[in-house]
Amino acid sequence: MPPRPTTEGGTAWGGRGRGGGGGARGGGRPQSIGRGAQTTSEGLQPSGSTAHITTVGVKRPGYGTAGRNIKVKTNTCVVQVPQKIIHHYDDIVSEKTLPPRFTMQLVKELQQKEEFLPKGSYDGKKNLFMPHVIDFGGADMREYDVVVNGSSQPGGRPPPVFKIRIKKVAEINPVVLQRFIKGKQSQDESVQTALTALNVVIRMLPMQNYPFNSRSFFIKTDFKNVGHGFQLRRGYFQSLRPSPGHLLLNIDLSTGMFYKPGPLISVALEIVSNARNPDPNLLSTDRGLPDRIFKDLERFLKNVRVSVQPATARSPPKVHTISSLTREGAQGITFNTRDGTPTTVASYFHNLSGRALRYPDIICAKTAKGAVLPFERCTILDGQLARKQIPPDVTRHMVDFSKKSPAERLASIKDGFGVLGHTESEYVRNFGLDVNEDTFPMVTDARQLPAPKLKYGEGSKPIFAETAESVAHDFVNGCKNFGIVVGDDNPIIQYGAGQATTLVLREAGKKCLDKYKVVPDLLLVILPDGGRDIWHAVKYFGDVEQGVVTQCLMATKCNRASGQYWANVSLKVNLKFGGINAVPDDANSTIISDSINPTIIMGADVMHPAPGSDAPSYSSLVGSVDSRAIKYIAKIKVQTSRQEIIADLRTMAMDIIRDYQDYQQQVEKTSGKPKRLIFFRDGVSESQFKEVMQQEVDVLKKVCADLEISPKITFIIVGKRHHYRFFPSNPQNKTEADPKGNCLAGTVVDKGITHPLEFDFYLLSHGGLLGTSRPAHYSVLYDDNGFKADSIQSICNLLCYMYGRASRSVSIPAPVYYADIVCSRARNHYDPNADGFSESSSIATSDALQSFKPLHVRQSKRMYFMIYDAHPSPLQPLSDDKYNSKLQVIRGRVLGEFPFGSKERYGYGQLMATRAMVHEGFLVGEDREVDGNVNWSSNVLRVWEETDNEGCVCVEFVDGRVERCDLLIGADGARSQTRNALYGEEYKPYYDSLTGFGGFTPLSSFTPFTRDALIKTPKPTIAMSRIGGLGFSLLAPLNSPDTQKKLIWFSHVETKNPLPPI
């Protein structure tokens, strides 16, 4: 899924967010007890029968039993609920809105007074929780004057006085929280308030010591500068979460994006020139600073706090907040001094400080009150969180910075206890809160669900292929090998410049119409590097204007690409034309494909703009049309910015159900009346569960009534923005952990850490590739179908294997993934040639609502959103099976299978792939993590590491080119320059003798991809194992039919008398 602005969840009161975060339900400010229904005078609900207990979602129908029972560790520990009454005070600071960091300082100063001892906990906004009643002398409120130490000003001015009004609001009885986690009380306002108060208590100490964001606290010792004026910092997340029978403290790692501290000029140059040119005069508009760059810099610096060296000598620095930038330099800005004398800003600073400005012509910062600040006198303060959209380059660094293996993550979290300071916190002690750190990590029951079986090869559909001449042969062969029938091997080719994308595409279509008397079925577009704007134009042309399938490929990827590359392209093209790549085995899809109870699956998402943007939000809905929930159609709408409820759900749902009925009646010859509707909703915080469920389920019911159908509805929220992680009890046990140390795919937890009353569970449906895998959180909010736990969990697990763009399971159900992709493609519905459109620009809501173009009618029945990212999977380790050795990609695709490579014979079960296959499988598969180009078939002359630039590796090629990189991967061949640079002459390789002949294997026994690779690379190839090796070579002539081609294979062992080193 496309990436998000923050790794955090909801706000302290469970506000807006995606997937629930750590916030508990029930938005708004904390409420006093006694306001919820069915409570006694102490806020307690009647004991005895549980009939009075109400829930937002479905009450848990029981626990699942399917699968193999296992134990997993979780990043939680047990907390003892305090027994004493908590006193809630409100209306803290009566001044105008102040930053939370400053109001925290005010309240800290206030609590030095005797009546506030022992100290209470403050949330930084308007709520103060005390362990005792504050003595107001009989009144229920008091106003205090607070002077913050160190705030006095030069010139004899007295320090400012801030008025703080404290007012008693309510008493909070934590016993209601204890009853709730024991299943004896509803989650009403009294429970929410108690949980909120305890979360404030546990956060109070780290909030005073570290920069914070919602429930995370960031340390300055673990950071990474990532360019663009940003710095990433490691942090620790914590949140109290109710669970069956226990109150748990969920602790996790988090990453925060900060403004890079330091001289303002240096940071500005990093943005303007990416730090390539250190000349400060680049910041002068008179010397060519582009207007676009100026506006980007102004947006970046808005609301950034800087320390300013004052004009007056020997005066202490002052802190100011930047509001805007000036286009003129300090030399060109004039004003009148107090005595009316006109002067420039440059002269003013020179005269008072005795030091002339070094760069009087560069732009200046400006405060909201109009003060002008020369850049060279400003320093960006440390510890400022950047609440802005994350640049794509920074996103990549954030992924790399955040990823830790499960063992590393667990160890780092344990280190976080020292930062969070539960045992040292006087606030935790004052309220009687007991954090049992010895219970971390908590072990809970889990189950390992079996992976559903899939069948491949059904649903291919004839298509007409349009390719460029240089890749036509490979593309056509890739389609044919995949089972797609190609109508013509000689496509029409149209070349053109990227600036006239639409004209080029129209001309290609016209040539097709003239030649074949029909419009093209497919436009295959080869893009240059950096062709993102061309991609938008192509997708707008195909999806919106003409309704033709488009497939974009990068020129650097498709030129001399491997067979696996074209197989992956074919996988996506097949889906776009309505083909089917894989179907679930009948035994695994009995609920979804039940002919007695036809089922339609829907997935929905709402995507919001980045913080600070006035761009609109986009809502999407996808729905299945076939009886196996494999083929989906999509709808997308633009709506008011940051509105979470899907505004036009009625229209989108009605269109999809009608399309479902048409497909069922015309293709599958059924009545077209679904008996079940399973609705997966993404992107909802827990505080909005009730509102979203009530409004959207109501819309679905009305749509069904209007269409005269009555399916039973199940409404499920799918969340990923939470902080629970699972760790295998025994990472060395292959039945509990994968090679990365993560829990195995199919791990489900519905006990221990789930909701005390409601039907929810966590499912880790995918294998871990990077860092620690995060399970998806499923909350069943509405269920007319009365599904049991095993049924819902089986459906969710199966749908995670039905994602059409991958041959392995993914982290969330396919319809949810599709809905997310559709939202991310919203920009393709705007004309790229319109004024103000660019890749980096945001579109204001008022303009976006008018200029948003609907999908073309021909694309509306296709899976047009199945984009191809051109990243084949890395190769898996070779199999150790006794009778068969297999080479396969991580996603599960088998490239070849040999019945002779056994551990007993060769010491290590293996199968050799050509070096080119390994190179492409690894390097292209890791391309998301590689910053820069991959050099194919380039001979290396020498390798060295720069002494004055730590971590920079230089590579000189035989053609004279020199490349610099952060990571060099070298194949350890006989003449490897990478090995020479690392080890010198000590580890030179040597030849050994070839001793054994193995036999022949018919080429027809291989998969099409492997056959193609072997034919292209017929030269002998040898694989080395631990004690022996295996080699092969194509035996038959190249022009002979496949039935006559064979592979000769042979083995070899070490000799006792090797030849001299080469």
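In what follows, the structure referred to is the one given above.
These numbers come from a predicted model, not from an experiment.

K.L.:
Provide a residue-level description of the overall build of the protein, including the pertinent values.
P.N.:
Within the protein, the regular secondary structure consists of 23 helices and 44 strands. On the protein, roughly 47300 Å² of surface is accessible, and the fraction owed to carbon and sulfur atoms is 50%.

K.L.:
Would you mind going over the packing of aromatic side chains in detail, with residue names and values included?
P.N.:
Here the structure, examined in full by the defined rule, presents 19 aromatic pairs. Ring centres of Phe 218 and Phe 258 lie 5.4 Å apart, and the angle between their planes is 80 degrees; this geometry places the pair in the edge-to-face category. Pair noted here: Phe 218 is in strand E9 (residues 216–227) and Phe 258 is in strand E11 (residues 246–259), with a separation of 40 residues, a long-range link. When its relative accessible area of 1% is taken as the criterion, Phe 218 is described as buried. Between the aromatic rings of Phe 759 and Phe 761, the centroid separation amounts to 6.4 Å while the plane-to-plane angle is 45 degrees, which identifies the pairing as tilted. Phe 761 matches Phe 759 in its accessibility class, with the two residues each being buried. One Lys or Arg, Arg 233, reaches over the ring of Phe 258 and ends 4.8 Å from the middle of that ring. Note that Lys 751 overlies the ring of Tyr 63, its terminal NZ or CZ placed 5.2 Å from the centroid.

K.L.:
Which residues make up the sheet that holds strand E21 (residues 434–436), and what are the values?
P.N.:
The 6 strands are arranged E8-E9-E10-E11-E2-E21 in an open sheet whose pairing can be described as antiparallel. Each edge of the open sheet is held by one strand with a lone partner, namely strand E8 (212–213) and E21. Sheet topology note: the strand E2 (residues 76–80)/E21 ladder contains 3 bridges and is antiparallel. Its bridge partner lying in E21, Val 79 is registered against Val 435.

K.L.:
Go over the packing of helix H15 (residues 649–666) against helix H16 (residues 689–706) with me, naming the residues and quoting the values.
P.N.:
In contact at an axis separation of 9 Å, H15 and H16 are set at 45 degrees when each is read in the N-to-C sense. Considered as vectors, H15 and H16 are oriented oblique to each other. The handedness of the crossing between H15 and H16 comes out as right-handed. Here H15 contributes Leu 649, Arg 650, Ala 653, Met 654 and Ile 657 to the contact with H16, which in turn contributes Glu 696, Val 699, Leu 700, Lys 702, Val 703, Cys 704 and Asp 706. Broken down by class, the residue content of the contact of H15 with H16 amounts to 8 nonpolar, no polar and 4 charged.

K.L.:
Could you give me a rundown of the environment of Arg 650, with the residues and numbers involved?
P.N.:
Locating Arg 650 in the fold gives a position in helix H15. Between the C-alpha atoms of Arg 650 and Lys 702, which are 52 residues apart in sequence, the distance is 8.2 Å. Other than its neighbours up to four places away in sequence, Arg 650 contacts Val 699, Lys 702, Val 703 and Asp 706.

K.L.:
Describe the side chain of Gln 793, with residues and values.
P.N.:
Within the secondary structure layout, Gln 793 lies in helix H17 (residues 789–800). By relative accessible area, which is 1% here, Gln 793 ends up buried. Within the structure, the side chain of Gln 793 is placed 2.8 Å from the side chain of Arg 447, a separation counted as a polar contact. In terms of polar contacts, Gln 793 uses its side chain to reach the side chain of Asp 750, at 3.2 Å. Sequence-distant contacts of Gln 793, defined by excluding residues within four places in its chain, comprise Gly 64, Arg 447, Leu 449, Val 748, Asp 750, Phe 761 and Leu 763.

Reading guide: rules and limits
Counting of residues starts from 1 at the beginning of each chain's written sequence and follows it residue by residue. Totals for whole chains, interfaces and linings use all residues, but because this is a predicted model, local features are given only for residues with pLDDT of at least 70 and pairs of side-chain atoms are given and counted only at 80 or more. Values reported for side chains reflect all heavy atoms of the structure, with hydrogen atoms and water molecules removed beforehand. Helix and strand definitions follow DSSP, with helices as H or I runs of at least four residues and strands as E runs of at least two, each counted in order from the N terminus. With residues, only the protein chains shown are counted as cover, and all accessible areas are computed by Shrake-Rupley using a 1.4 Å probe. Planes of paired rings set the category: under 30 degrees apart is stacked, over 60 is edge-to-face and the rest tilted, where pairs are Phe, Tyr or Trp rings (Trp by its six-membered ring) whose centres lie within 6.5 Å. Burial here depends on accessible area, computed with a 1.4 Å probe over protein chains only, as a share of the maximum for the residue type. Under 20% is buried, over 50% is exposed, and the range in between is partly exposed. Here, a charge over a ring is recorded when the distance from Lys NZ or Arg CZ to the ring centre is within 6 Å and its angle to the ring normal is within 35 degrees. Only strands joined by at least two bridges in the DSSP assignment are considered to pair. For every element, the axis is a line fit to its C-alpha atoms; helices are fit only across the contacting stretch, and the angle between N-to-C directions ranges from 0 to 180 degrees. Angle categories are assigned with fixed cut-offs, so that under 35 degrees is roughly parallel, over 145 is roughly antiparallel, 65 to 115 is roughly perpendicular, and the rest are oblique. Each crossing gets its handedness from the near helix: less than a right angle anticlockwise from the far helix is left-handed, clockwise is right-handed. Any two residues whose heavy atoms approach within 4.5 Å at even a single point are treated as in contact. By the convention adopted, Pro, Cys, Tyr, Trp, Phe, Met, Ile, Leu, Val and Ala count as nonpolar, Lys, Arg, Asp and Glu as charged, and the other residues, Gly among them, as polar. Polar contact is the term for a pair of N or O atoms within 3.5 Å; when the atoms are in protein, one must be able to donate a hydrogen and the other to accept it, and sequence-neighboring residues count only if both atoms are side-chain atoms.

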